[in-house]
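# What the coordinates show
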Amino acid sequence: MFHNIYKSHIIAITIILFCTVLLHADVLPNGQSKPAIDFPHFPDRLHVFVWRNWESVGLERMAAVLQTAPENIKKIAYSMGLPPYKEPSKDMMNRGYLSIIRRNWHLLSYDQLLTLLGWDEDKLAFTLKEDDFFWVKLGSQKPECPSLYYTKPDSKTLERCAEIKKFVTSCFGDILTQKKEARFGFVRSLTEVMLPDTRNRNADTVIGDNRIRFLYSYFGVFGDPLLNPDLDPYPDGLLQRLSQQGVNGVWLHTVLRQLAPGSLFPEDTRECATRVENLGKLVERAGRYGIKIYLYINEPRAMPESFFIGREHLRGGKEGDNYALCTSVLEVRQWLRDSLAYVFSRVPNLGGVFTITGSENFTHCWSHGREASGCPRCSKRPAGEVIAEVNRSIFEGVQSGSPDAAVIAWDWGWHDDWVETIIDGLPEDTYVMSVSEWSKPIIRGGIGSTVGEYSISSVGPGPRALKHLAIAKNRGLKTIAKMQVNCSWELSAVPYLPVMNTIEQHCRNLADTDIDGMMLSWSVGGYPSPNLELVSKFGQHTPPPGQVLPDIARERYGMQAVPDVLEAWTKFSNAFSEYPFHIMYVYSGPTQYGPSNLLYPEPTGYSATMIGFPYDDLDGWRAIYPADVLASQFEKLSSEWDKGLDSMRQAEKKDLNQKESKNLREDLIIAEAAYLHFKSSANLIRFITARNTLLSNTVKRDERTALASEIQALVSDEIRNAQSLYNLTCTDSRIGFEASNQYYYLPLDLVEKVINCDYILNTWLPEQVK
């Protein structure tokens, strides 16, 4: 019997959103706070702090937090064997601030965290609330962290530091001091325009297809890039590379009231004008490469009760402390129209918008279902009617400003019984977009379920997409399929997964549905890659079977490497079909962090968070899978994936020119990193299962000995995995990065994992055996 995850997926997202709206912009929240986690592999919290910030925060800033001199920070660092200090680049604070917050979440109080960041409370509060639900990703609770200050290490602390230094040296030698690619090095690479310059070379003419193919920036910051040109999400080099791979659209996250001044929102007119001016410049630059800009519209955003004083007639349903701007009121719909007309009349060459009207932020009264959240007007109207009306208002505003712009209505979050009413109420020139793989039945490890979204391992289209797109086609509307081409939340810590057979099959399946475009990524998966090159081969005419993959392999690696590379891609694709997909696992499981996940000697008592902290919450990760099945699937996946690595290494031995060899080496590094993430996921599941059994005090002596041997083998393997991934991250700054979460881990986190493993093996485990 198949387990239907559709409802559980919507419930999970709704809970996330409910937690989000509870966050006041003017208060730093604590949630249900409890003591922070201890990290006994270090002497104390002071040493953890120095270690984790050594390669990401300036020395003076660290010293200011601890109220000491920079020299004392250096002494602590060098006593543990850390490499010579090097000032971090500005990118780490400008583009990696989420990583800095996350790695200090269990170490610093809010006051000290603000000192470390150099921020005020308002900026941190805004980031927690608006930066892709970051407060939720942190668990909607701030751990209790007493103020941390420098104290001179005593003899016992110095002895432990000497042990750490000796062990680190024995494991890594002089590798820690060798030159490595700086974090965010890929930004500089993707900013540079390649020769020959292909401006004015339209992507549509390159592949003979003018259907929409759009995605998100590989490194776009979710903050306010239109107000900060230094954080340009689409530099010319990236636009050029995307254009060459057939991409003709990219999208931006926007908040409408920040773009268009209006009577409902007395925003700073100068800042609105600056954003629109910068948007126009971006549109003009992208246009040189045949790429259009699309705005993500999730409106109108809910507002606090204070906003409605004197305009109570605009107030709709309530969620948390916020109220919807009720779209059953003409004034609100007129604001939507006027604001979009303002933007599109000033930037008429915008490609258009795509809307989410059934989820994400709390917007109109029916946006989260729940009987219109108690709105006295919308609760008396069908949900589908209200949602169609919102989309019509958006359409009218866009078309008023720019008649050629596209409006794409995404069915994300639309209940099945709403769909026909919504589609029937959309304007004739609207596109309807649906997640391709949604509701696709799968069986993994003998357990049946259906896919929600964010799955590459499950090849669409699924029944839901086929049904919704057919309804739209019957109405004469154009259709778009949303898919993940490079990577997904199954594994997002690498820029792309080399599962080319799987991607090709998905493209072939969609070719039979007569779609009018593809959304190729959400915030995850926007890297210019061989995967995108593959998709570009499916233009107006579907290529014959057996042609596309050999062509890409030959173009990228040379004729001699083709047989081995094709064999590798087949093995990777077959391996990935074993991924134990469930939306709760991909959101809360440990796979994103791979070998950087710590092994906790005692249960933390913390629940896993949404792509934030997996902790040791095995029961929270596994969803429908028993722990043994979950681990077995990752063992099966990694074993088969390793065979693909062998094939790629065989290709390396062939007579390749410099460019072919470089391409193969880079793609092999990515595939090796993915393998280590999958392998480590299995180890972590096995470790927690064995640890919990060992700590239960219900096992006999011989069973304890067997468990200890199993743990010893798992932990020893994790040391090797962490060492291997450390070497890869030093070579390639893309590993461990994803746009909306920034760096999941830094190189020194993998060294910390080795220290953690040594503590488990030589301190904790012997005590448990006794």
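The model shown is predicted, which means the values in this text are computed figures rather than measured ones. (Residues numbered from 1 in each chain as written. Predicted model: local features only at pLDDT ≥ 70, side-chain atom pairs only at ≥ 80, totals over all residues. Heavy atoms only, no water.)

## Let's talk about the overall build of the chain
From N to C terminus, the chain includes 28 helices and 15 strands. Against the 2.2 N^0.38 benchmark of 27 Å for 770 residues, the chain shows a C-alpha radius of gyration of 26 Å, consistent with a compact globule. Across its three principal axes, the chain shows a C-alpha extent of roughly 75 × 65 × 55 Å. By the burial criterion, 64% of the 770 residues in the chain qualify as buried. For the chain, the proportion of contacts with a sequence separation of at least 24, taken over those separated by at least 6, is 78%. (Helix = DSSP H or I, 4+ residues; strand = E, 2+ residues; numbered from the N terminus. Rg over C-alpha atoms; globule rule 2.2 N^0.38 Å. Buried < 20%, exposed > 50% of the residue type's maximum accessible area, 1.4 Å probe, protein only. Contact = heavy atoms within 4.5 Å.)

## A few points about the pairing of strand S2 (residues 249-253)
In terms of burial, S2 is a largely internal element, 5 of the 5 residues being buried. Of the two faces of S2, both are covered, the one formed by Gly249, Trp251 and His253 as well as the one formed by Val250 and Leu252. One ladder, built from 2 bridges, connects strand S1 (residues 212-215) with S2; its direction is parallel. Paired with Leu215 across the strands is Val250, a residue of S2. In this view, the connection linking S1 to its parallel neighbour S2 by way of helix H13 (residues 236-244) has right-handed handedness. Note: S2 against strand S3 (residues 292-297), 5 bridges, orientation parallel. Among the inter-strand pairings, His253 is bridged to a residue of S3, identified as Tyr296. (Pairing = 2+ DSSP bridges. Right-handed = clockwise from strand over helix to strand, strands pointing away.)

## A look at the sheet that holds strand S4 (residues 303-304)
Read across the open sheet, the 3 strands follow the order S4-S6-S5; overall the sheet is antiparallel. Only two strands of the sheet have a single partner each, and these edge strands are S4 and strand S5 (315-319). Bridge count between S4 and strand S6 (residues 322-325): 2 bridges; the pairing is antiparallel. Bridged to Pro304 within S6 is Asn322.

That is the geometry; function is a separate question.
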